[in-house]
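Here is what each chain is made of, one letter per residue.
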Amino acid sequence: MKAMILDKQKKIEDNPLKYKEFDKPEIKSGQVVVKVQANGVCHSDLHIVEGDIPLGHELFPIIPGHEIVGEVVESKSNIQVGERVGIGWFYSACGKCEYCISGRENLCPYATVTGINHKGGYSEFAALDSNYVTKIPDNMDSAEAAPLFCAGITAYSAVKKLNVSPNDRIAVFGIGGLGFYGLQMVKLMGGKACAITRSHPEVAEKAEAYEISDKPAGKYDGAIVFAPNSGLVETAVSSVKSGKTIVVPAIMDKISIPFGSFMWEKNVTSVASGLRKEARAVLDIASSGGLISMVHTDKLSSANEVLGKLKQGKVKGREVLIP
Ligand SMILES: [Zn+2]
Ligand SMILES: [Zn+2]
(Lines give C-alpha, C1' and ligand atoms only; values in the text may rest on other atoms or scores of the structure.)
(Ligands and ions follow the chains in the order given, each with its own letter.)
Protein backbone atom coordinates (compact mmCIF):
# COMPACT_ATOMS: atom_id res chain seq x y z
CA MET A 1 0.00 0.00 0.00
CA LYS A 2 1.04 3.62 -0.42
CA ALA A 3 1.51 5.88 2.62
CA MET A 4 3.19 9.11 3.71
CA ILE A 5 6.04 7.91 5.89
CA LEU A 6 7.92 9.94 8.52
CA ASP A 7 11.38 8.50 9.26
CA LYS A 8 12.70 11.51 11.13
CA GLN A 9 11.11 14.64 12.62
CA LYS A 10 12.09 17.67 10.55
CA LYS A 11 10.79 21.09 9.58
CA ILE A 12 7.95 20.82 7.08
CA GLU A 13 9.88 22.97 4.59
CA ASP A 14 12.28 19.99 4.21
CA ASN A 15 9.42 17.72 3.05
CA PRO A 16 9.89 15.15 5.83
CA LEU A 17 7.00 12.93 4.71
CA LYS A 18 7.84 10.51 1.90
CA TYR A 19 5.16 8.99 -0.32
CA LYS A 20 6.16 5.34 -0.63
CA GLU A 21 5.23 1.70 -0.45
CA PHE A 22 4.62 0.25 3.03
CA ASP A 23 3.41 -3.16 4.28
CA LYS A 24 -0.35 -3.39 4.51
CA PRO A 25 -1.38 -3.75 8.20
CA GLU A 26 -1.96 -7.25 9.53
CA ILE A 27 -5.16 -7.78 11.38
CA LYS A 28 -5.30 -8.99 14.99
CA SER A 29 -8.25 -10.27 17.00
CA GLY A 30 -10.62 -7.42 17.86
CA GLN A 31 -9.37 -5.29 14.97
CA VAL A 32 -10.61 -4.16 11.62
CA VAL A 33 -8.65 -3.01 8.59
CA VAL A 34 -10.14 -0.02 6.84
CA LYS A 35 -9.49 1.27 3.37
CA VAL A 36 -8.97 4.93 4.21
CA GLN A 37 -11.43 7.14 2.33
CA ALA A 38 -10.53 10.44 3.98
CA ASN A 39 -8.12 11.74 6.61
CA GLY A 40 -8.31 15.25 8.04
CA VAL A 41 -5.13 17.27 8.55
CA CYS A 42 -4.80 18.51 12.14
CA HIS A 43 -2.39 21.04 13.61
CA SER A 44 -1.10 18.27 15.90
CA ASP A 45 0.19 16.47 12.79
CA LEU A 46 2.49 19.43 12.25
CA HIS A 47 3.71 19.17 15.88
CA ILE A 48 4.37 15.45 15.34
CA VAL A 49 6.16 15.90 12.00
CA GLU A 50 8.29 18.85 13.10
CA GLY A 51 9.28 17.41 16.49
CA ASP A 52 7.41 19.79 18.84
CA ILE A 53 6.08 16.56 20.32
CA PRO A 54 9.24 14.55 21.10
CA LEU A 55 8.86 10.89 20.10
CA GLY A 56 11.07 7.89 20.97
CA HIS A 57 12.96 6.25 18.09
CA GLU A 58 11.08 2.98 18.67
CA LEU A 59 7.93 4.64 17.29
CA PHE A 60 9.45 5.23 13.84
CA PRO A 61 8.67 5.02 10.98
CA ILE A 62 5.53 6.98 11.77
CA ILE A 63 2.45 7.29 9.59
CA PRO A 64 0.62 10.36 10.95
CA GLY A 65 -3.10 11.02 10.70
CA HIS A 66 -5.80 10.88 13.37
CA GLU A 67 -8.99 11.94 11.62
CA ILE A 68 -9.64 8.72 9.75
CA VAL A 69 -12.79 7.59 7.99
CA GLY A 70 -12.68 4.36 6.02
CA GLU A 71 -14.55 1.33 4.83
CA VAL A 72 -13.95 -1.94 6.68
CA VAL A 73 -12.30 -4.40 4.27
CA GLU A 74 -11.24 -7.05 6.81
CA SER A 75 -12.61 -7.76 10.25
CA LYS A 76 -11.77 -9.98 13.21
CA SER A 77 -14.52 -8.41 15.28
CA ASN A 78 -18.29 -7.95 15.29
CA ILE A 79 -18.03 -5.07 12.80
CA GLN A 80 -19.04 -6.15 9.31
CA VAL A 81 -16.97 -5.77 6.16
CA GLY A 82 -18.41 -2.88 4.15
CA GLU A 83 -19.33 -0.70 7.15
CA ARG A 84 -17.84 2.77 7.39
CA VAL A 85 -16.10 3.72 10.63
CA GLY A 86 -13.88 6.48 11.97
CA ILE A 87 -11.29 7.10 14.67
CA GLY A 88 -9.65 10.20 16.12
CA TRP A 89 -6.58 11.04 18.23
CA PHE A 90 -7.48 8.52 20.89
CA TYR A 91 -6.86 5.01 19.49
CA SER A 92 -7.50 2.64 22.41
CA ALA A 93 -7.33 2.25 26.18
CA CYS A 94 -6.96 -0.54 28.75
CA GLY A 95 -10.67 -0.95 29.46
CA LYS A 96 -9.99 -1.77 33.15
CA CYS A 97 -8.69 1.26 35.03
CA GLU A 98 -10.71 3.76 37.11
CA TYR A 99 -11.07 6.06 34.08
CA CYS A 100 -12.06 3.36 31.61
CA ILE A 101 -14.76 1.91 33.87
CA SER A 102 -16.21 5.33 34.64
CA GLY A 103 -16.60 6.35 30.98
CA ARG A 104 -13.58 8.65 30.86
CA GLU A 105 -11.39 6.39 28.76
CA ASN A 106 -9.58 9.37 27.24
CA LEU A 107 -7.79 9.79 30.60
CA CYS A 108 -6.64 6.15 30.77
CA PRO A 109 -2.90 6.01 31.59
CA TYR A 110 -2.57 3.26 28.98
CA ALA A 111 -4.40 5.17 26.25
CA THR A 112 -2.67 5.06 22.87
CA VAL A 113 -2.70 7.61 20.07
CA THR A 114 -3.55 7.17 16.40
CA GLY A 115 -0.71 8.29 14.16
CA ILE A 116 1.88 7.99 16.96
CA ASN A 117 1.59 4.63 18.76
CA HIS A 118 -0.23 3.14 15.76
CA LYS A 119 0.06 3.80 12.04
CA GLY A 120 -2.38 6.56 11.15
CA GLY A 121 -4.49 7.73 8.26
CA TYR A 122 -1.87 9.26 5.91
CA SER A 123 -2.17 5.90 4.22
CA GLU A 124 -4.32 3.73 1.95
CA PHE A 125 -5.14 1.29 4.77
CA ALA A 126 -5.14 1.35 8.58
CA ALA A 127 -5.74 -1.26 11.31
CA LEU A 128 -8.14 0.00 13.99
CA ASP A 129 -9.43 -1.37 17.29
CA SER A 130 -13.08 -2.32 16.81
CA ASN A 131 -13.94 -1.30 20.40
CA TYR A 132 -12.98 2.32 19.83
CA VAL A 133 -14.16 3.13 16.31
CA THR A 134 -17.45 4.93 15.68
CA LYS A 135 -19.82 4.11 12.82
CA ILE A 136 -20.46 6.83 10.25
CA PRO A 137 -24.11 7.73 9.59
CA ASP A 138 -25.16 6.70 6.06
CA ASN A 139 -26.05 10.20 4.97
CA MET A 140 -22.59 11.60 5.72
CA ASP A 141 -19.83 12.12 3.22
CA SER A 142 -16.50 10.57 4.36
CA ALA A 143 -14.49 13.75 3.71
CA GLU A 144 -16.94 15.80 5.76
CA ALA A 145 -17.05 13.24 8.58
CA ALA A 146 -13.24 12.87 8.95
CA PRO A 147 -12.50 16.29 10.56
CA LEU A 148 -15.19 15.67 13.16
CA PHE A 149 -13.01 12.95 14.71
CA CYS A 150 -10.47 15.40 16.11
CA ALA A 151 -11.49 18.98 15.35
CA GLY A 152 -15.21 18.31 15.88
CA ILE A 153 -14.92 16.19 19.03
CA THR A 154 -12.31 18.44 20.62
CA ALA A 155 -14.40 21.54 19.97
CA TYR A 156 -17.49 19.82 21.37
CA SER A 157 -15.64 18.65 24.45
CA ALA A 158 -14.14 22.11 25.04
CA VAL A 159 -17.50 23.88 24.82
CA LYS A 160 -19.17 21.30 27.10
CA LYS A 161 -16.62 22.13 29.80
CA LEU A 162 -17.97 25.69 29.88
CA ASN A 163 -21.53 24.68 30.93
CA VAL A 164 -22.89 27.39 28.65
CA SER A 165 -26.05 29.15 29.91
CA PRO A 166 -28.45 30.78 27.45
CA ASN A 167 -26.99 33.97 25.98
CA ASP A 168 -23.58 33.55 27.61
CA ARG A 169 -20.95 35.35 25.56
CA ILE A 170 -18.15 32.88 24.90
CA ALA A 171 -14.84 34.06 23.47
CA VAL A 172 -13.26 31.74 20.90
CA PHE A 173 -9.59 32.54 20.22
CA GLY A 174 -8.14 31.07 17.01
CA ILE A 175 -10.48 30.30 14.12
CA GLY A 176 -8.77 27.39 12.39
CA GLY A 177 -10.35 23.95 11.94
CA LEU A 178 -11.23 23.59 15.64
CA GLY A 179 -12.39 27.15 16.13
CA PHE A 180 -14.69 26.80 13.13
CA TYR A 181 -16.53 23.96 14.87
CA GLY A 182 -16.13 25.59 18.32
CA LEU A 183 -18.13 28.65 17.27
CA GLN A 184 -20.92 26.42 16.01
CA MET A 185 -20.93 24.30 19.18
CA VAL A 186 -21.25 27.42 21.37
CA LYS A 187 -24.31 28.43 19.34
CA LEU A 188 -25.79 24.92 19.48
CA MET A 189 -25.42 24.94 23.27
CA GLY A 190 -27.31 28.22 23.54
CA GLY A 191 -24.44 30.71 23.84
CA LYS A 192 -23.29 33.69 21.81
CA ALA A 193 -20.14 32.70 19.94
CA CYS A 194 -17.63 35.56 19.86
CA ALA A 195 -14.77 34.95 17.43
CA ILE A 196 -11.48 36.67 18.16
CA THR A 197 -9.29 36.42 15.11
CA ARG A 198 -7.02 38.58 13.04
CA SER A 199 -6.42 36.23 10.12
CA HIS A 200 -9.69 34.32 9.55
CA PRO A 201 -12.73 36.60 10.02
CA GLU A 202 -14.40 35.07 6.93
CA VAL A 203 -14.18 31.59 8.49
CA ALA A 204 -15.90 32.97 11.60
CA GLU A 205 -18.55 34.49 9.38
CA LYS A 206 -19.14 31.17 7.63
CA ALA A 207 -19.55 29.55 11.09
CA GLU A 208 -22.20 32.22 11.83
CA ALA A 209 -20.37 33.75 14.81
CA TYR A 210 -22.43 36.20 16.88
CA GLU A 211 -19.56 38.70 17.11
CA ILE A 212 -16.27 38.89 15.22
CA SER A 213 -13.42 41.08 16.44
CA ASP A 214 -9.63 41.18 16.35
CA LYS A 215 -9.29 41.66 20.12
CA PRO A 216 -11.45 40.98 23.19
CA ALA A 217 -14.39 43.33 23.67
CA GLY A 218 -15.89 43.45 27.18
CA LYS A 219 -15.89 40.57 29.68
CA TYR A 220 -16.91 37.07 28.59
CA ASP A 221 -18.71 34.23 30.37
CA GLY A 222 -16.08 31.74 29.25
CA ALA A 223 -13.27 31.37 26.72
CA ILE A 224 -11.61 28.74 24.58
CA VAL A 225 -8.09 29.06 23.16
CA PHE A 226 -7.67 26.97 20.02
CA ALA A 227 -4.58 28.77 18.69
CA PRO A 228 -1.26 27.32 19.93
CA ASN A 229 -0.14 30.65 21.36
CA SER A 230 0.48 30.96 25.11
CA GLY A 231 0.11 34.75 25.02
CA LEU A 232 -3.51 34.24 24.03
CA VAL A 233 -4.14 32.17 27.17
CA GLU A 234 -3.05 35.12 29.28
CA THR A 235 -5.35 37.40 27.25
CA ALA A 236 -8.22 34.91 27.59
CA VAL A 237 -7.81 34.65 31.37
CA SER A 238 -7.97 38.40 31.79
CA SER A 239 -10.95 38.73 29.45
CA VAL A 240 -13.38 36.42 31.30
CA LYS A 241 -15.50 37.40 34.31
CA SER A 242 -14.63 36.22 37.84
CA GLY A 243 -15.41 32.56 38.54
CA LYS A 244 -15.45 31.61 34.83
CA THR A 245 -13.59 28.97 32.87
CA ILE A 246 -10.94 29.10 30.16
CA VAL A 247 -10.47 25.91 28.14
CA VAL A 248 -7.18 25.35 26.32
CA PRO A 249 -7.39 22.53 23.76
CA ALA A 250 -4.32 23.80 21.85
CA ILE A 251 -0.97 22.11 22.41
CA MET A 252 1.74 24.46 23.67
CA ASP A 253 5.04 24.35 25.47
CA LYS A 254 4.26 26.37 28.52
CA ILE A 255 1.55 28.66 29.83
CA SER A 256 2.32 31.54 32.15
CA ILE A 257 -0.47 33.54 33.72
CA PRO A 258 0.09 36.49 36.06
CA PHE A 259 -1.60 35.69 39.36
CA GLY A 260 -3.35 39.05 39.30
CA SER A 261 -5.54 38.05 36.35
CA PHE A 262 -6.12 34.55 37.69
CA MET A 263 -6.97 35.21 41.35
CA TRP A 264 -10.73 35.72 41.03
CA GLU A 265 -11.48 32.01 40.98
CA LYS A 266 -10.87 31.43 37.29
CA ASN A 267 -10.53 27.86 36.10
CA VAL A 268 -8.06 26.95 33.39
CA THR A 269 -8.41 23.45 31.96
CA SER A 270 -7.24 21.40 28.98
CA VAL A 271 -9.03 18.86 26.80
CA ALA A 272 -7.97 15.25 26.24
CA SER A 273 -9.81 14.51 23.02
CA GLY A 274 -11.56 11.28 22.34
CA LEU A 275 -14.57 9.99 24.26
CA ARG A 276 -16.63 7.59 22.15
CA LYS A 277 -19.88 9.06 23.42
CA GLU A 278 -18.67 12.49 22.28
CA ALA A 279 -17.80 11.11 18.84
CA ARG A 280 -21.33 9.71 18.56
CA ALA A 281 -22.88 12.97 19.76
CA VAL A 282 -20.94 15.04 17.22
CA LEU A 283 -21.76 12.67 14.35
CA ASP A 284 -25.44 12.79 15.37
CA ILE A 285 -25.42 16.59 15.33
CA ALA A 286 -23.70 16.64 11.92
CA SER A 287 -25.86 13.97 10.31
CA SER A 288 -29.02 15.78 11.34
CA GLY A 289 -27.78 18.93 9.62
CA GLY A 290 -26.61 20.81 12.74
CA LEU A 291 -23.10 21.63 11.53
CA ILE A 292 -21.83 23.68 8.62
CA SER A 293 -18.76 22.09 7.10
CA MET A 294 -15.79 23.77 5.44
CA VAL A 295 -13.69 21.03 3.96
CA HIS A 296 -11.18 21.12 1.14
CA THR A 297 -9.75 17.89 -0.25
CA ASP A 298 -6.23 17.15 -1.50
CA LYS A 299 -4.30 14.11 -2.66
CA LEU A 300 -2.56 12.11 0.08
CA SER A 301 0.80 12.60 -1.67
CA SER A 302 0.51 16.38 -1.17
CA ALA A 303 0.60 16.13 2.66
CA ASN A 304 3.87 18.10 2.99
CA GLU A 305 2.46 21.03 1.03
CA VAL A 306 -0.83 20.93 2.94
CA LEU A 307 0.99 20.95 6.30
CA GLY A 308 3.16 23.81 5.01
CA LYS A 309 0.03 25.83 4.24
CA LEU A 310 -1.35 25.02 7.68
CA LYS A 311 1.87 26.27 9.28
CA GLN A 312 1.59 29.54 7.39
CA GLY A 313 -2.01 29.98 8.55
CA LYS A 314 -3.27 29.72 4.96
CA VAL A 315 -5.77 26.90 5.52
CA LYS A 316 -9.41 27.94 5.77
CA GLY A 317 -11.52 25.39 7.64
CA ARG A 318 -10.16 21.84 7.31
CA GLU A 319 -7.96 20.14 4.70
CA VAL A 320 -8.71 16.47 4.11
CA LEU A 321 -6.34 14.05 2.37
CA ILE A 322 -7.77 11.46 0.01
CA PRO A 323 -5.58 8.40 -0.73
ZN1 LIG B 1 -6.01 16.52 16.01
ZN1 LIG C 1 -7.82 2.41 31.23
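None of the values given here were measured: they were computed from a predicted structure.

Draft legend 1. Examining the overall build of the chain more closely. A tally of regular secondary structure across the chain gives 10 helices and 17 strands. The C-alpha radius of gyration of the chain comes to 19 Å, within 12% of the 20 Å expected for a compact globule of 323 residues. Looking at the 323 residues of the chain, the share that counts as buried comes to 48%. Restricting the contact set of the chain to residue pairs at least 6 apart, pairs at least 24 apart contribute 67%.

Draft legend 2. Region of interest: helix H5 (residues 177–188). An ideal rise of 1.5 Å per residue puts 16 Å on 12 residues; H5 measures up with 17 Å between its terminal C-alpha atoms. Each element contacted by the buried residues of H5 is listed here: helix H4 (151–160), strand E10 (169–173), strand E11 (192–196), helix H6 (201–206), strand E13 (222–225) and strand E17 (318–322). Count one or two residues on from H5 and you reach Gly190, which has phi positive near 95°.

Draft legend 3. Representation of the packing of H4 against H5. Where H4 meets H5, the closest approach of the two axes is 8 Å, and the angle between their N-to-C directions is 45°. Taken together, the axis directions place H4 and H5 in an arrangement best described as oblique. For the pair H4 and H5, the crossing hand works out as right-handed. Residues Ala151, Gly152, Thr154, Ala155, Tyr156, Ala158 and Val159 of H4 touch H5, and the partners they reach there are Gly177, Leu178, Tyr181, Gly182, Met185 and Val186. A class-by-class count of the residues in the contact of H4 with H5 yields 9 nonpolar, 4 polar and no charged.

Draft legend 4. Layout of the domain arrangement of the chain. Domain annotation of the chain identifies domain 1 (2–150 + 273–322) and domain 2 (152–270). Domain 1 and domain 2 are separated by 25 Å when their C-alpha centres are compared. With 25 residues of domain 1 at the interface, the matching set in domain 2 holds 18 residues. When residues of the side of domain 1 that touches domain 2 are traced back to their parent elements, those giving at least two are helix H1 (43–50) and helix H9 (276–287). Looking at the side of domain 1 that touches domain 2, the element that brings in the most residues is H9, giving 5 residues. Here the side of domain 1 that touches domain 2 is composed, by residue class, of 13 nonpolar, 9 polar and 3 charged.

Draft legend 5. Representation of the sheet that holds strand E12 (residues 211–213) in the model. The parallel open sheet is built from 6 strands, whose spatial order is E12-E11-E10-E13-E14-E15. Each edge of the open sheet is held by one strand with a lone partner, namely E12 and strand E15 (267–270). On average, each strand axis in the sheet is inclined to that of its neighbour by 20°, with strand direction left out of account. Two strands pair when backbone bridges link them, and E10 and E13 are joined in this way by 4 bridges, in the parallel orientation. Bridge pairing in E13 places Ile170 opposite Gly222. Of the strands in this sheet, E10, E13, strand E14 (245–248) and E15 are in contact with helix H7 (residues 230–239), which crosses E13 at around 175°.

Draft legend 6. Region of interest: the pairing of strand E1 (residues 2–6). Among the 5 residues of E1, 4 are classified as buried, and the element is accordingly described as predominantly covered. Strand direction decides the pairing type here: E1 and strand E2 (residues 17–21), joined by 5 bridges, are antiparallel. Residue pairing in the sheet places Ala3 in a bridge with Lys20 of E2.

Draft legend 7. Region of interest: the nonpolar core. Within the largest apolar cluster, 101 residues are counted, with the highest numbers of intra-cluster contacts made by Ile170, Val172, Phe173, Ala195, Ala223, Val225 and Ala236. Among the domains, domain 1 (2–150 + 273–322) and domain 2 (152–270) are the pair contributing at least three residues each to this core. Those residues within four positions of Val225 in sequence are excluded, and the remaining contacts are Phe173, Gly174, Leu232, Val233, Ala236, Ile246, Val248 and Ala250.

Draft legend 8. Here's a closer look at unusual backbone geometry. Cis geometry marks the peptide bond from Phe60 to Pro61; its omega dihedral reads -5°. Note on placement: Pro61 falls in the loop between H1 and strand E4 (68–75). Of note, Asn167 is a non-glycine position whose phi angle comes to about 70°, a positive value. On the secondary structure map, Asn167 appears in the loop between H4 and E10. By C-beta crowding, Asn167 is classed as exposed, having 10 other C-beta atoms within 10 Å. In this structure, Glu208 is a non-glycine residue whose phi angle is positive, near 60°. Along the polypeptide, Glu208 turns up in the loop between H6 and E12.

Conventions adopted
- Residues numbered from 1 in each chain as written.
- Chains lettered and ligands numbered in written order.
- Predicted model: local features only at pLDDT ≥ 70, side-chain atom pairs only at ≥ 80, totals over all residues.
- Helix = DSSP H or I, 4+ residues; strand = E, 2+ residues; numbered from the N terminus.
- Rg over C-alpha atoms; globule rule 2.2 N^0.38 Å.
- Buried ≥ 20, exposed ≤ 12 C-beta atoms within 10 Å, placed from the backbone.
- Contact = placed C-beta atoms within 7 Å.
- Expected span 1.5 Å × (residues − 1).
- Axes fitted to C-alpha atoms, helices over the stretch in contact; angles between N-to-C directions.
- Parallel < 35°, antiparallel > 145°, perpendicular 65-115°, else oblique.
- Left-handed = near helix turned anticlockwise from the far one by under 90°.
- Nonpolar A, V, L, I, M, F, W, Y, C, P; charged D, E, K, R; others polar.
- Domains from an automatic or database assignment.
- Pairing = 2+ DSSP bridges.
- Core = buried A, V, L, I, M, F, W, Y, C linked by C-beta atoms within 7 Å.

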